[in-house]
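Structure at a glance
Each chain, written out:
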Amino acid sequence: MRKGMLKLSMVVLWPSFIAAMLAEGLFFSVFDPGQLPRAGLMSPMAVYTAGFFGFWSLGALASMLTCYLVAVPGDHNPRI
């Protein structure tokens, strides 16, 4: 059971980590953290960190949904 959960967490977290790196690089190459609304309350490094964890959370949510949809058996007789 523990090995299965570890594998599932790595299947979810690793791709979302890679996606968060790419998303943050693209986002902050277009937008300056000092120009974002309410970013004046935080240092630029804090904005980068919050952005990374935000992108990582969204990626993890998408990966978890994908794993769920792959694991759930399909309905062979859908009713439309």
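1. Structural notes on the packing of helix α1 (residues 2-30) against helix α2 (residues 44-71)
- Orientation of α1 relative to α2, taken along the N-to-C sense of each, is 135°, at an axis distance of 7 Å. On the basis of their axis angle, the class for α1 and α2 is oblique. Considering only the axes of α1 and α2, their crossing is right-handed.

2. Remarks on α1
- Taking 1.5 Å as the rise per residue, α1 with 29 residues should run 42 Å; its terminal C-alpha atoms sit 42 Å apart, in good agreement.
- Those residues of α1 that sit buried are V12, S16, A20, E24 and F28.
- Contacts made by the buried residues of α1 are with α2.

Basis of the calculations
- Each chain has its residues counted from 1, running along the sequence as written.
- Confidence filtering applies because this is a predicted model: local features only for residues at pLDDT of at least 70, side-chain atom pairs given and counted only at 80 or more, and all residues used for totals across whole chains, interfaces and linings.
- Side-chain descriptors were evaluated using all non-hydrogen atoms of the structure, hydrogens and water having been removed beforehand.
- An axis is simply a line fitted to the C-alpha atoms; with a helix, the fit covers only the stretch in contact. Between two such axes, the angle follows the N-to-C directions and lies from 0 to 180 degrees.
- Counting from the N terminus, the helices are the DSSP runs of H or I reaching at least four residues and the strands are the DSSP runs of E reaching at least two.
- For classification, angles of less than 35 degrees are called roughly parallel, those exceeding 145 degrees roughly antiparallel, those between 65 and 115 degrees roughly perpendicular, and all remaining angles oblique.
- In this scheme, a crossing is called left-handed if the near helix is turned counterclockwise away from the far one by less than a right angle; it is called right-handed if the turn is clockwise.
- For a helix, the expected span equals 1.5 Å multiplied by the residue count minus one.
- Exposure categories follow from relative accessible area, calculated using a 1.4 Å probe and restricted to protein chains: below 20% of the type maximum is buried, above 50% is exposed, and the middle band is partly exposed.
- The contact rule is simple, with two residues in contact once any of their heavy atoms fall within 4.5 Å.

Remember that the coordinates give geometry; whether it matters functionally is a separate question.
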